[in-house]
Amino acid sequence: MIRLALRTFVDRWQLFVGTVLAVTAGVAIVHAGMTIILGVENSEAPAGASVEQAEACQEAVSATGTLTGMTVTLGAFLTIFVVGSTFGFAVDQRRRDLAVLRLGGVTAKQIRGLLLAEGCVAAVLGTLAGAVLGTGLTTVQRALLSGLGVFPDGAATPVRTAVLVIDLVVAFTVCFLGARGTAKRATRLKPLDALRRTADEQRVMTVRRWIVAVTALVLTALQTYVAAAGGGLLLTILLGLGIIITGSVATSRLAPLLVPAAAGVLTAWARRSVVVEVGVANLRDSVRRTASCAAPMIVLVGLVMGLQGILDTQSKATVVEAETLLAADLVATGDSIDLAAVNAIEGVALAAPETVISPEIQLTTGRTTTPGLGTVVAVDPDAFRATHLQRPDTGDLSDFGQRSVVFGPGLDSTSVSSHYDEITLDVGNDTVRLDEAARMSETLAGVDGFYVDRSVLPAEMLEGPTSVLIQLAGDADRDVVEQSLAAAGATSVLTPSESAVEQTSASEAENRAVMAAIVGLGSLYALISVLSTVAISIGQRRSELATLRLSGLTRQQIHGATVLEALAATTIGLVLGAITAVLALVGIWAATERVYGTAVVAIPWGLLAAMTVLTAALTTVTALLATRSALRLPAIRALGALD
């Protein structure tokens, strides 16, 4: 079987290009991710480092692990999805070959052995190429993480034997599962049905396909309901990521149901043009092929649009949050603002200082004490109540005073306990015991973990960068106030919206860099799969195209028909992928409505338009090149040759 599999690889290499490329890309992503994770997991701050440096190193290790873990997870999902799709498509294109083998005496067990052997060959080639590509990708990913400032200084990322073993395991597991599933389906069909193309043979929505589609659809609906009905924003974002995955699986399985609809839309046009008529006929006759071409497109659009939509919504929410939850006219910031001078400025009705301090909050439940994971902000309780309009989920802000604490909107609601027996704050040589006054709901832009009364803190702890929310008197001259604030030590005076935009610009640049790191390779991965599937679907139809030539169609007309068919497949994938991406944003839309009183959602229409133009252009070029290659053989010879 190995010899026959190798012979098949050599003779029908076009069918396996997509699978090998998919395995190579998947192994490369996993190789780079695991090399970085294993390299930084035990990183420590250099000897003699300060507490702040040690904390910064630990945060860098955590951030690198999180970002890289997301990359590996994404790569694993894409590898399983794309390899399974391309392998199934390649086998589907050989149904007649397999039927002939069965009629020639080859048993179903031997056919399964042949397909599994082909899967092993693809795994070996993908592992070798992926390990080499992954080594280079590790350098790129490390440089990108260093550029973001989250890669620990001095961490090494050598090539480890364990990572090479993981590469091999990933490649063989994915190829084995992909080959096993398609082998079962290929041998379940009666050989004569495959040769005669009976109705059963052409049936696309099999029982197994329906089960997978309905299961993924139910999971998508369940996640969408939970995200929209309640829960913190972090949970909503995580559910959005889950919806992208299960929604992509569901819509790709249901794609064949849309093919007849797409053909129906083109039917009226088909009567006016023989090119469109041929394209529509192919759509109706080759539902399985069209659905296979649409599948990677669904993943591409759902992934990129969904993740970018989540990031854009977070950026937009920062501005909305500043406009709706803060009652302030100006935000003055500086490292050494004279608060007494600010309060004395004519035209300043209220000044609410906020300073991030270094002491941690200690949270105790039973006998377990843990540090509160969030920034501690020293505020004036009265000014805080006057400038912060967000109402707490629990408790009452009127109870906020010297011996109490307010849980801020930057805390991860999934990691905060419902009750703590003791809450303390270390203040110099003293420990201040605090009662929980109120707990804010989580917001998309919230970063503050805990609010404490600044009057209980020594003056030296309040030195450093401070923001002051300013409410102006009705007759105040803003320009004069701004000049006075600058004289009092403010280095920046902006409105809350302007301040939010400035913060958003900085975070948006980081978000887009993260987006490039996490999704860039995945998008390229899926795009290669789209083009590979289109090329294979056309390259394996030489006799069909030769028949069209002998029937009188010109080369230009055949080019037009294949391009139309390829564009119809990618359009179906585009529509279903966009639906998946929008579903991923439904939970965030509802959650922001609950928190801000107005829904905040950003759908990246510009990105969708750019992807539409890019994929349409690349699909057209790929279809033209594949058709040109298939027509290179004289029509008579092509008609007599096996596809």
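Reading the values: the criteria
Residues numbered from 1 in each chain as written. Predicted model: local features only at pLDDT ≥ 70, side-chain atom pairs only at ≥ 80, totals over all residues. Heavy atoms only, no water. UniProt positions renumbered as here; feature names shortened; annotations may be inferred. Axes fitted to C-alpha atoms, helices over the stretch in contact; angles between N-to-C directions. Helix = DSSP H or I, 4+ residues; strand = E, 2+ residues; numbered from the N terminus. Parallel < 35°, antiparallel > 145°, perpendicular 65-115°, else oblique. Left-handed = near helix turned anticlockwise from the far one by under 90°. Contact = heavy atoms within 4.5 Å. Nonpolar A, V, L, I, M, F, W, Y, C, P; charged D, E, K, R; others polar. Buried < 20%, exposed > 50% of the residue type's maximum accessible area, 1.4 Å probe, protein only. Expected span 1.5 Å × (residues − 1). 1 Å grid on protein atoms, 1.4 Å probe; cavity = no way out; pocket = protein on both sides within 12 Å on 5 of 7 lines; lining within 4 Å. Points joined across faces, edges and corners; volume = space filled by probe spheres on them. Phe/Tyr/Trp six-rings, centres within 6.5 Å; stacked < 30°, edge-to-face > 60°. Lys NZ or Arg CZ within 6 Å of the ring centre and 35° of its normal. Patch = residues over 30% accessible without salt bridge, like charges linked within 9 Å, V, L, I, M, F, W, Y side chains within 5 Å. Areas by Shrake-Rupley, 256 points an atom, 1.4 Å probe, with all protein chains shown as cover. Salt bridge = Lys/Arg side-chain N within 4 Å of Asp/Glu carboxyl O. Pairing = 2+ DSSP bridges. Core = buried A, V, L, I, M, F, W, Y, C linked by side-chain atoms within 4.5 Å.

As annotated in an unreviewed UniProt entry, the protein is FtsX-like permease family protein from Nocardioides yefusunii. Checking UniProt for the protein, the heading Subcellular location (unreviewed entry) contains the comment "Cell membrane". Under the UniProt heading Sequence similarities (unreviewed entry), the entry covering the protein gives this text: "Belongs to the ABC-4 integral membrane protein family. LolC/E subfamily."

Caption draft 1: Quick peek at the packing of helix H18 (residues 542-550) against helix H19 (residues 555-596). Packing of H18 against H19 leaves a shortest axis separation of 10 Å and a crossing angle of 135 degrees. Looking at the two axes, H18 sits oblique to H19. In this structure, H18 crosses over H19, and the sense of that crossing is right-handed. Contact with H18, carried on its side by Leu-545, Leu-548 and Arg-549, involves Arg-555, Ile-558 and Thr-562 of H19 and no other residues of that element. Its residues assigned to classes, the contact of H18 with H19 comprises three nonpolar, one polar and two charged.

Caption draft 2: Up close: H18. Considered for burial, the residues of H18 that qualify are Ser-543, Leu-545, Ala-546 and Leu-548. Just downstream of H18 lies Gly-552, where phi reads positive at about 115 degrees.

Caption draft 3: Molecular detail of helix H20 (residues 605-630). If you check H20, its first and last C-alpha atoms are 37 Å apart, about what 26 residues at 1.5 Å a residue would give, namely 38 Å. Buried residues of H20: Leu-608, Met-611, Thr-615, Thr-619, Thr-622, Ala-623, Ala-626, Thr-627 and Ala-630, and no others.

Caption draft 4: The arrangement of empty space enclosed by the protein in detail. In total, this model carries two cavities of 30 Å³ or more according to the counting rule given. In this model, the second largest cavity occupies a volume close to 50 Å³. Secondary-structure elements contributing two or more residues to the lining of the second largest cavity are helix H13 (287-325), helix H17 (496-539) and H19. A total of three residues in the lining of the second largest cavity trace back to one element, the largest contributor, which is H19. Here the residues of the lining of the second largest cavity are counted per class, giving four nonpolar, one polar and three charged.

Caption draft 5: Just the side chain of Ser-252, in detail. Looking at the element boundaries, Ser-252 is found in helix H10 (residues 233-254). With relative accessibility at 2%, the residue Ser-252 sits in the buried group. Not counting chain neighbours up to four residues away, the residues in contact with Ser-252 comprise Phe-81, Arg-209, Ala-295 and Ile-298.

Caption draft 6: How the structure looks around the UniProt feature "transmembrane region" (unreviewed entry) in the protein. In this structure's numbering, the residues bearing the UniProt feature "transmembrane region" (unreviewed entry) are residues 12-38, 72-92, 113-137, 157-179, 211-244, 513-539, 560-590 and 602-627. Across residues 72-92, the secondary structure splits into 100% helix and 0% strand, with the terminal C-alpha atoms separated by 29 Å. Between the first and last C-alpha atoms of residues 113-137 the distance is 34 Å; the span itself is 100% helix and 0% strand.

Caption draft 7: Layout of the environment of Thr-139. Examined against the element boundaries, Thr-139 turns out to sit in helix H5 (residues 108-148). Between the alpha carbons of Thr-139 and Thr-157 there is a distance of 8.8 Å; along the sequence they are 18 residues apart.

Caption draft 8: The packing of aromatic side chains, seen in detail. In the structure shown here, the tally under the stated rule is four aromatic pairs. Judged by centre distance (4.6 Å) and plane angle (50 degrees), the ring pair of Phe-384 and Tyr-451 falls under tilted. Linking Phe-384 in helix H15 (residues 381-387) with Tyr-451 in strand S10 (residues 448-453), this pair joins segments that are 67 residues apart in sequence. For the pair shown, Phe-384 and Tyr-451 are each scored as buried. Through a chain of ring-to-ring contacts, three or more aromatic side chains come together here, namely Phe-384, Phe-400 and Tyr-451. The ring centre of Phe-407 lies 4.5 Å from the NZ or CZ of Arg-439, which sits over that ring.

Caption draft 9: Fine view of a nonpolar patch on the surface. Judged by side-chain polarity, Trp-13, Val-17, Leu-21, Leu-524 and Ile-528 come together as a nonpolar surface patch covering roughly 440 Å² of accessible area. Elements represented by at least two residues in the nonpolar patch include exactly helix H2 (13-40) and H17. The element contributing the most residues to the nonpolar patch is H2, with three residues. Position of Trp-13 among the secondary structure elements: in helix H2.

Caption draft 10: Structural detail: the pairing of strand S8 (residues 422-427). Bridging between strand S3 (residues 361-365) and S8 involves four bridges; their strand directions are antiparallel. Counted as the bridge partner of Thr-364 is Glu-422 from S8. As defined by bridge partners, S8 adjoins strand S9 (residues 430-439) across five bridges and the pair is classed as antiparallel. Counterpart to Asp-426 in the pairing with S9 is Thr-431. Between S8 and S9, which follow one another and run antiparallel, lie two residues, and Gly-428 among them has a positive phi close to 65 degrees.

Caption draft 11: Highlighting the nonpolar core. Within the largest apolar cluster, 29 residues are counted, with the highest numbers of intra-cluster contacts made by Phe-9, Val-23, Leu-78, Phe-81 and Leu-303. Of all the elements in the fold, those that place two or more residues in this core are H2, helix H3 (51-92), H5, helix H6 (161-188), H10 and H13. Considering every element that reaches this core, the biggest residue donor is H3, with eight residues. Dropping the residues within four chain positions of it, Phe-9 is found in contact with Phe-16, Val-20, Glu-118, Val-121, Ala-122 and Leu-125. Of all hydrophobic cores here, the second largest spans 19 residues; its members include Ile-357, Ile-361, Leu-425 and Val-427.

Caption draft 12: Highlighting the pattern of salt bridges. Summed over the entire model, instances satisfying the criterion amount to five salt bridges. The partner of Glu-422 in a salt bridge is Arg-433, and the shortest N-O contact between them spans 3.7 Å. A residue pair is termed long-range when its members are at least 10 positions apart, and Glu-422 in strand S8 and Arg-433 in strand S9 qualify at eleven residues. Using a relative accessible area of 29% as the deciding quantity, one classes Glu-422 as partly exposed. We classify Arg-433 as exposed; its relative accessible area is 51%. Of the charged contacts, one joins Glu-436 and Arg-439 as a salt bridge, the two residues approaching to 2.9 Å between their closest N and O atoms. For Glu-436, a relative accessible area of 31% translates into the label partly exposed.

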